[in-house]
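Topology and contacts: notes
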Amino acid sequence: MNLLKEIAPILLKASGKTIELTIISVILGSLIGIIVALLKLSKNKVIYAVASFYTWIIRGTPMLLQLFFFYYGLPFMGIELEPMTAAIIGLSLNSGAYMAEIIRGGILAVDKGQFEACKALGFTYGQTMTRVVLPQTVKVLIPPVGNEFITMLKDTSLVSAIAMEELMRAAQQIYSANFRPMEPFFIAACIYLALTTVFTTLFAIWEKKVSRY
């Protein structure tokens, strides 16, 4: 019981870094996803090929391998990154590949008549996307974006492999100091479960609110 009282505050504090890392990665991943989705909708074959190559290689390789590349691989090229920086880059690029497909699907779900109407009104491609198409995709995108957020929240545990201080890393360090795996990993599991439950509920409320309109 005393051990639980000692480690609970440590793990709760570490969970703040997990939430921070998740939010930053999903936001940056969403921005990357929007750009890549628009590139994949381009009629230019070269642009389409570059965007498709990015999503292919990111979605086709494990996230852990990608994190290892940015943290352990880049130093051989003369580029050294802090664990936090490597984690953000790795997670954001990974999230961006999945968000690109989610956003592209949302854009394709918009009726073609919307594009034709914008063209008739003299809108540029950028104006059509930012003023008409993308705002309409929000309702469609909330469920898959929510799933991506929850997935990323759990996948942040992988950054413990590159010495990033977050929830899973804190649990591992407590275990290494006490050699008692039950308490730290059980509390960490409870915190992950609580976080995923809270954010799942928030996304459900957001989806319900948007659907009213």
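That block above? That's the structure.
The residue numbers shown here count from 1 along each chain, following its written sequence. In keeping with the predicted nature of the model, local features appear solely for residues at pLDDT of at least 70, side-chain atom pairs appear and are counted solely at 80 or more, and the whole-chain, interface and lining totals rest on all residues. As a rule here, side-chain values come from all non-hydrogen atoms in the structure, and water together with hydrogens is ignored.

1. Section: the pattern of salt bridges
- Just to be clear on terms, a salt bridge is a Lys or Arg side-chain nitrogen sitting within 4 Å of an Asp or Glu carboxyl oxygen. Evaluated as defined, the whole model comprises three salt bridges.
- The shortest N-O distance in the salt bridge between E20 and K17 comes to 3.4 Å. On the criterion of helical spacing, the pair formed by E20 and K17 is a turn pair, its members being three residues apart in helix 1 (residues 2-40).
- Accessible area is worked out with a 1.4 Å probe on protein chains only. A residue is then buried under 20% of its type maximum, exposed over 50%, and partly exposed in between. With relative accessibility at 35%, the residue E20 sits in the partly exposed group.
- K17 gets classed as partly exposed once you look at its relative accessible area, which sits at 29%.
- When the shortest N-O distance is used, the salt bridge between E101 and R104 registers 3.1 Å. Taken together, the positions of E101 and R104, both in helix 4 (residues 83-109) and three residues apart, correspond to about one turn of that helix.
- Taken together, the shared-partner salt bridges connect K40, E101 and R104 into one network. Per the convention used, a helix needs a DSSP run of H or I reaching at least four residues, while a strand needs a run of E reaching at least two, with both numbered from the N terminus.

2. Looking at the side chain of S25
- Here S25 shows up in helix 1.
- It only takes one pair of heavy atoms within 4.5 Å for two residues to be counted as in contact. If we skip the residues at most four places from it in the chain, S25 touches I88, L91, S92, S95 and M152.

3. What to know about unusual backbone geometry
- Residue A163 is not a glycine yet carries a positive backbone phi of 65°.
- With respect to the helices, strands and loops of the structure, A163 is situated in the loop between helix 6 (125-155) and helix 7 (167-178).
- Taking the relative accessible area as the measure of exposure, A163 reaches 32% and is therefore partly exposed.

4. Some points on the environment of Q127
- With respect to the helices and strands, the residue Q127 is situated in helix 6.
- Excluding its chain neighbours within four sequence positions, the residues that come into contact with Q127 are G122 and V132.
- In protein, a polar contact means a hydrogen-donor-capable atom and an acceptor-capable atom, both N or O and within 3.5 Å, with residues adjacent in sequence counting only if both atoms are side-chain atoms; elsewhere, any N or O pair within 3.5 Å suffices. Here T124 takes part through its backbone nitrogen, which lies 3.0 Å from a polar atom of the side chain of Q127.

5. Digging into the packing of helix 2 (residues 45-59) against helix 4
- Every axis in this analysis is a line fitted to C-alpha atoms, fitted for helices over the stretch in contact. Angles between the N-to-C directions lie between 0 and 180 degrees. At a minimum axis separation of 9 Å, helix 2 and helix 4 run at an interaxial angle of 120°. For the element pair helix 2 / helix 4, the angle class is oblique. Both helix 2 and helix 4 take part in a crossing whose hand is left-handed. On the side of helix 2, the interface is formed by Y54, T55, I58 and R59, while helix 4 contributes L93, N94, G96, A97, Y98, A100 and E101.
- Tallied by class, the residues present in the contact of helix 2 with helix 4 amount to six nonpolar, three polar and two charged. Geometric relationships in this document are graded by angle, where less than 35 degrees denotes roughly parallel, more than 145 denotes roughly antiparallel, 65 to 115 denotes roughly perpendicular, and other angles denote oblique. Handedness of a crossing is defined here by the sense of rotation of the near helix relative to the far one, left-handed for an anticlockwise turn of less than a right angle and right-handed for a clockwise turn. Put simply, Ala, Val, Leu, Ile, Met, Phe, Trp, Tyr, Cys and Pro go in the nonpolar bin, Asp, Glu, Lys and Arg in the charged bin, and everything else, Gly too, in the polar bin.

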